[in-house]
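So you can see what is in the structure, the chains are spelled out below.
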There are 2 protein chains.
Amino acid sequence: MEQVKTLLEDHEIPRQWYNVMADLPTPMKPPLHPGTGQPVTPQDLAAIFPMNIIEQEVSSQRWIDIPEEVLQKYILWRPSPLYRARNFEKLLGCPVQIYYKHEGVSPAGSHKPNAAIPMAYYNKVAGTKRMTTETGAGQWGSALAMACQMFDLVCRVYMVKVSYEQKPYRRLMMNTWGAECIASPSNLTQAGRNVLAEHPDSPGSLGIAISEAIEDAVNSPNTHYGLGSVLNHVILYQSIIGLEAQKQMKKLGLYPDVVMGCCGGGSNFAGISTPFVCDKIHGKEVKIVGAEPTSCPSMTKGPFAYDFGDLAKSTPLLPMYTLGHDYIPAPIHAGGLRYHGMAPIVSHLVREKLIEPRAYDQLKTFEAGVKWARSEGFIPAPETNHVLAAVVDEAMRAREEGKEKIILFNWSGHGLVDLVSYDAYLSGKLEAYELPDHEIERALKAIKDFPKP
Amino acid sequence: MEQVKTLLEDHEIPRQWYNVMADLPTPMKPPLHPGTGQPVTPQDLAAIFPMNIIEQEVSSQRWIDIPEEVLQKYILWRPSPLYRARNFEKLLGCPVQIYYKHEGVSPAGSHKPNAAIPMAYYNKVAGTKRMTTETGAGQWGSALAMACQMFDLVCRVYMVKVSYEQKPYRRLMMNTWGAECIASPSNLTQAGRNVLAEHPDSPGSLGIAISEAIEDAVNSPNTHYGLGSVLNHVILYQSIIGLEAQKQMKKLGLYPDVVMGCCGGGSNFAGISTPFVCDKIHGKEVKIVGAEPTSCPSMTKGPFAYDFGDLAKSTPLLPMYTLGHDYIPAPIHAGGLRYHGMAPIVSHLVREKLIEPRAYDQLKTFEAGVKWARSEGFIPAPETNHVLAAVVDEAMRAREEGKEKIILFNWSGHGLVDLVSYDAYLSGKLEAYELPDHEIERALKAIKDFPKP
């Protein structure tokens, strides 16, 4: 019997998060206040986030202690196992060893609770009574619903309408954890009503749902907003994935040649990769690859620019690769990872050439996902299928180059609540889709009046 | 930080299954051939099972080696973690320590692959090319679909129609793993056509679906049937749960006062409990409790009798607690565990007073399940909620008795693909339901001409 899993005991869980801000070779551009064009101050953010989270958002401290109360929740599923995908390796027949962090073991089935738990905890400590958020495919909304329940906070989730309708089980998860889930655009906010007035049949977008959640938080007593990706503090919390992976690879006496993740807003990818980015900055040779959809190719096709995080322009201007805050994903796009922008940290690392972005079309991603399910057993989330396509790609390159490689990637979540898109794939209803050029023109128009980074 | 999980490394996985048949204080009654009234011979079973599995079905060997090929698949998720449910303990505020085996970590989300993997493996070795089976809620069907894919067998699953319609995601899991899933009763078999002729709107039952799967296996080339519970070899395979739990409790320096599981056909319950039954037979003091639904109360209300395992009377007569092979669950019954009979081994242990059965109504089970999800995070399968109701019950008894107790139970699976029944519960659409007396009269009538055990 060949070993498959490398485990860490509860007491081996990392006690600190890693903040890549401390190690960047060049400083990041600051977020700007859209009114003044000046860098935002902590005070500017206080309407939506509690001050303890804002301090982490702007911190450049390398290591940040994980509170005891957060650790006690993390160990419900963390440290997550590091797997070797021996069956998938055999199927590919390439000269690679493939290791993955199985983030599907969390109660919500993805990496998202890594950020939801501390976010709910810090809000609780700061006196927040209620949280609002947005969700696309539902991974983040269900994670925050669970976290709020664990810290006794009321939770409302604005869920992109097309997903709300296609994925009833995600709403039911949120309800089971005691949260309210609203289809967005909704009539509950001005932002939602504005969209509905113009497009009564709008399928919604993350940009719209974020606007609704922020508006709700700003206008409601004792309420704060929580964002599931993109921002620095979210990426900080997710670093626990990469820190655990480093411990586990060390137990095996190995170091990866390639580290990979799929990219929507960037949080699971940054989570596994920033500790390795740190090594790379300090001289280690390691390739770090982020896989995004060809249908939402912010890193590979979008301009690097200042843009809003949401449609209603309620966020600061963020320096990032963006498809424009008015981007609405094509209905044909089945696989999640639909956010118009990429985390400023990830965008910065791409510009620094510390990270290499690649785009994969959805047929390739589901092909890889079904192969995975049929060899390794676990059915991946459609989002996760993007990194699987990249792993297949990398394995094939290794064969062509005649090089042995150790690949490490983040298996960000399972697809048991997202099987409808597998149905579409298996019954031949999915098509390859690449974002058309006129969408890039729209994006450039959307950002043309903003300051240039 | 207080420890929550007790892990075993891959190499600590048990290498043998435990067969409780070797330790029974009195022998079990044999299954009978319905035509002759004589004990069935291995040859009688050869039409539906391969001989290597039949040998295990009738074996009284205490320890049976787990083949290397089966171990290599088991370690994709096994050994499963032993959890301490500290948050649920706090919520109950009773003098109990609650430990559970988390069988939801398997790719199919339940304990069912423990039996599906060896079943597919032994069939492969015996030259089978195709397997058929039945499934109710879908846990077993999806497990066998995955196992057949892993050993390159074609798989067809007959799924009880009401579940097929209510739980589309289960069918999609089976499809993703390459299996075919048919709503039962179907037009593909005589058994199905007979039911449809009389009841075109039949919601189906496990008894009907078993008849269809057996008929298909018997009439198709190179095809064998696989049953997901009830039979001795299934209970043998599931013993790995209890064997691991014993190792893990030993690591903690503890021994349980109470061992519990939920009971449908009996496989997950027997899986965790038979190794402890062995201890009990050899003098150890331990209470062993099986929790079944008041809507399908085979152990607590059914007669102990010889009965068929399926509606079309294609199985041998099995000595078991039964609600009659013509039992059809009430539509109000939401929580799985719908089989009319109880595994002969479990039935025998109940009669020997080594096991104590209890019945819980579905409102109590979902109440316990939602409390669990909101404290421990993981959303339990509706089936699993039955043992949670029993755990709550046992904890309350401990408080009343003023005794400290260590409870161990089998958390048989997660409910992420069964959230529709949570929706029914949370929106107040579920009612308490107890099997009415006329159903027992029907059962007695159904078995009245059979030999008495």
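Computed from a prediction, not measured in an experiment: that's the story for all the values here.

Asker: I keep staring at the pattern of salt bridges and nothing clicks. Help me out?
Answerer: Pairing is possible between side chains of opposite charge, provided their charged atoms come close. Residues and elements named next belong to chain A. Scanning the model with the defined rule gives 54 salt bridges over all chains in all. Of the charged contacts in the structure, one is a salt bridge between lysine 101 and glutamate 244, with a shortest N-O distance of 2.7 Å. Note that lysine 101 is positioned in strand β5 (residues 96–102) and glutamate 244 in helix α11 (residues 232–251), a separation of 143 residues in sequence. The same class applies to lysine 101 and to glutamate 244, which are both buried. Lysine 405 is the salt-bridge partner of glutamate 394, the closest N and O atoms lying 3.0 Å from each other. Residue glutamate 394 is located in helix α16 (residues 382–401), and its partner lysine 405 is located in strand β15 (residues 405–411); the two are separated by 11 residues in the primary sequence. By relative accessible area, lysine 405 is classed as buried at 9%.

Asker: Please clarify how the pairing of strand β10 (residues 258–262) of chain A should be interpreted in this entry.
Answerer: On a regular strand, each side chain points to the face opposite its neighbour's, so the side chains alternate between the two faces of the sheet. Residues and elements named next belong to chain A. Burial within β10 is extensive, with 5 of its 5 residues counted as buried. Because side chains alternate across β10, one face comprises the buried residues Val258, Met260 and Cys262, and the other comprises Val259 and Gly261, equally buried. Regarding the hand of the β-α-β motif, the stretch spanning β10, helix α12 (residues 267–281) and strand β11 (residues 287–293) is right-handed. The pairing of β10 with β15 spans 3 bridges and is classified as parallel. Considered in β15, the bridge of valine 259 is made with leucine 408.

Asker: What's the story with the packing of helix α8 (residues 168–176) of chain A against helix α17 (residues 419–426) of chain B in this structure? I'm lost.
Answerer: In a packed pair of helices, the relevant descriptors are the angle between the two axes and the axis-to-axis distance. For the pair α8(A) and α17(B), the least separation of the axes is 9 Å and the interaxial angle reads 50°. Classed by the angle they form, the pair α8(A) and α17(B) counts as oblique. You can see that α8(A) and α17(B) cross each other, and the crossing is left-handed. Judged by residue contacts, Tyr169(A), Arg171(A), Leu172(A), Met173(A), Asn175(A) and Thr176(A) of α8(A) engage Leu419(B), Val420(B), Tyr422(B), Asp423(B) and Leu426(B) from α17(B). Of the residues contributing to the contact of α8(A) with α17(B), the split by class is 7 nonpolar, 2 polar and 2 charged.

Asker: Before we go on, may I ask you to explain the sheet that holds β11(A) in this structure?
Answerer: To summarise the sheet geometry, strands pair through backbone hydrogen bonds and adopt either a parallel or an antiparallel arrangement. Residues and elements named next belong to chain A. Strand order in the open sheet formed by 7 strands is β1-β4-β5-β15-β10-β11-β14, with mixed pairing between adjacent strands. In the strand order of this sheet, the two ends are held by β1 (5–6) and β14 (356–360), each with one partner. Sheet analysis places β10 next to β11, joined by 5 bridges and oriented parallel. Residue pairing in the sheet places methionine 260 in a bridge with valine 289 of β11. Against the sheet, α12 makes contact with β5, β10, β11 and β15, and its axis sits at roughly 155° relative to β10, the strand it touches most.

Asker: Would you take a moment to explain the interface of chain A and chain B for this structure?
Answerer: How big an interface is tends to be stated in terms of the accessible area lost upon association of its parts. Across the boundary between the two partners, chain A contributes 58 residues, which contact 58 residues of chain B. At the boundary of chain A with chain B, total buried surface from both sides reaches about 4,700 Å², with 59% on carbon and sulfur atoms. Three residues stand out in chain A for area buried against chain B, namely Met1(A), Tyr169(A) and Thr176(A), and they jointly supply 18% of the buried area on that side. The interface formed by chain A and chain B includes 2 salt bridges. Lys5(A) is the salt-bridge partner of Asp10(B), the closest N and O atoms lying 2.9 Å from each other. Considered class by class, the residues forming the side of chain A that touches chain B number 30 nonpolar, 13 polar and 15 charged.

Asker: What's the story with helix α9 (residues 190–198) of chain B in this structure? I'm lost.
Answerer: The α-helix winds at 3.6 residues per turn, so residues separated by three or four positions along the chain end up facing the same way. All names here are of chain B. Taken together, the buried positions of α9 are occupied by Ala191, Gly192, Val195 and Leu196. Within α9, the buried residues cover an arc of 130° as seen down the axis, which keeps them to one side. Projecting away from the buried face of α9 at angles above 90 degrees are the exposed residues Ala197 and Glu198. Those residues of α9 hidden inside the fold are in contact with α7 (161–166) and α10 (206–219).

Asker: For this particular structure, what's the right way to read the side chain of Ser267(A)?
Answerer: Residues and elements named next belong to chain A. Of note, serine 267 is situated in helix α12. The exposure class assigned to serine 267 is buried, which follows from its relative accessible area of 2%. Setting aside its immediate chain neighbours within four residues, serine 267 contacts His111, Lys112, Gly228, Ser229, Val234, Ile235 and Gln238.

Asker: Would you mind showing me how to read helix α12 (residues 267–281) of chain B here?
Answerer: All names here are of chain B. Here α12 spans 20 Å end to end across 15 residues, near enough to the 21 Å set by a 1.5 Å rise per residue. Of all the bends in α12, the greatest, near 45°, is centred on serine 273, and the proline proline 275 appears no more than four residues after it. The element α12 is largely enclosed, with a buried count of 12 among its 15 residues. Looking at the residues trailing α12, positive phi occurs at glycine 283, about 105°.

Asker: When you look at the packing of helix α15 (residues 362–376) of chain A against α16(A) in this model, what are you seeing that I'm missing?
Answerer: All names here are of chain A. Where α15 meets α16, the axes come as close as 7 Å, and the angle between the chain directions of the two elements is 90°. On the basis of their axis angle, the class for α15 and α16 is roughly perpendicular. Taken together, the residues of α16 that come into contact with α15 (itself represented by Lys364, Thr365, Phe366, Ala368, Gly369 and Trp372) are Pro382, Asn385, His386, Leu388, Ala389 and Val392. The residue makeup of the contact of α15 with α16, split by class, is 7 nonpolar, 4 polar and 1 charged.

Asker: What is the right way to read the side chain of Ser211(B) from this model?
Answerer: Residue and element names in this part refer to chain B. Structurally, the position occupied by serine 211 is in helix α10. At a separation of 3.1 Å, a polar atom in the side chain of serine 211 contacts the main-chain carbonyl oxygen of glycine 207. Every residue in contact with serine 211, bar those within four places of it in the chain, is listed here: Ala191, Asp310, Leu311, Ala312 and Ser314.

Asker: Would you explain the nonpolar core in this entry?
Answerer: As a rule of thumb, soluble globular proteins bury nonpolar side chains together. Ranked by size, the top nonpolar core spans 212 residues in total, and within it Trp17(A), Tyr74(A), Phe409(A), Trp17(B), Tyr74(B) and Phe409(B) carry the most contacts. What Phe409(B) contacts, discounting residues up to four positions off in sequence, is Ile98(B), Tyr99(B), Tyr100(B), Lys101(B), Met260(B), Ile272(B), Trp372(B), Val387(B), Leu388(B) and Val391(B).

Asker: Is there a simple way to think about the relation of the copies chain A and chain B in this case?
Answerer: Put simply, the second copy of the chain is the first one after a rotation about an axis and a shift along it. Turning chain A through 180° and shifting it by 0.0 Å along the axis lays it on chain B, with an RMSD of 0.0 Å. In symmetry terms, the pair is related by a two-fold rotation axis. A share of 100% of the interface residues of chain A reappears at the interface of chain B, consistent with the copies meeting face to face through the same patch.

Asker: Explanation requested: the packing of aromatic side chains in the structure shown.
Answerer: How two aromatic rings sit relative to each other is given by the distance of their centres and the angle of their planes. All names here are of chain B. Taken as a whole and assessed by the stated rule, the structure comprises 43 aromatic pairs over all chains. Summarising the aromatic geometry, the rings of tyrosine 74 and tryptophan 77 are spaced 6.1 Å apart at their centres and angled 70° between planes, so their arrangement reads as edge-to-face. Taking relative accessible area as the criterion, tyrosine 74 reaches 0% and is therefore assigned buried. Taking relative accessible area as the criterion, tryptophan 77 reaches 2% and is therefore assigned buried. Geometrically, the ring pair formed by phenylalanine 308 and phenylalanine 450 is edge-to-face, given 5.2 Å between the ring centres and 90° between the ring planes. Taken together, the positions of phenylalanine 308 in strand β12 (residues 304–308) and phenylalanine 450 in the segment after α18 (437–447) put the pair 142 residues apart, joining distant regions of the chain.

Conventions and cut-offs
Residues numbered from 1 in each chain as written. Chains lettered and ligands numbered in written order. Predicted model: local features only at pLDDT ≥ 70, side-chain atom pairs only at ≥ 80, totals over all residues. Heavy atoms only, no water. Salt bridge = Lys/Arg side-chain N within 4 Å of Asp/Glu carboxyl O. Helix = DSSP H or I, 4+ residues; strand = E, 2+ residues; numbered from the N terminus. Buried < 20%, exposed > 50% of the residue type's maximum accessible area, 1.4 Å probe, protein only. Right-handed = clockwise from strand over helix to strand, strands pointing away. Pairing = 2+ DSSP bridges. Axes fitted to C-alpha atoms, helices over the stretch in contact; angles between N-to-C directions. Parallel < 35°, antiparallel > 145°, perpendicular 65-115°, else oblique. Left-handed = near helix turned anticlockwise from the far one by under 90°. Contact = heavy atoms within 4.5 Å. Nonpolar A, V, L, I, M, F, W, Y, C, P; charged D, E, K, R; others polar. Buried area = accessible area lost by both parts, 1.4 Å probe. Arc of directions from axis to C-beta. Expected span 1.5 Å × (residues − 1). Bend = angle between axes of the 7 residues up to and from the residue. Polar contact = N/O pair within 3.5 Å; in protein donor to acceptor, adjacent residues only side chain to side chain. Core = buried A, V, L, I, M, F, W, Y, C linked by side-chain atoms within 4.5 Å. Least-squares fit on C-alpha atoms with pLDDT ≥ 70 in both. Phe/Tyr/Trp six-rings, centres within 6.5 Å; stacked < 30°, edge-to-face > 60°.

By themselves, these figures tell us nothing about what the structure is for.
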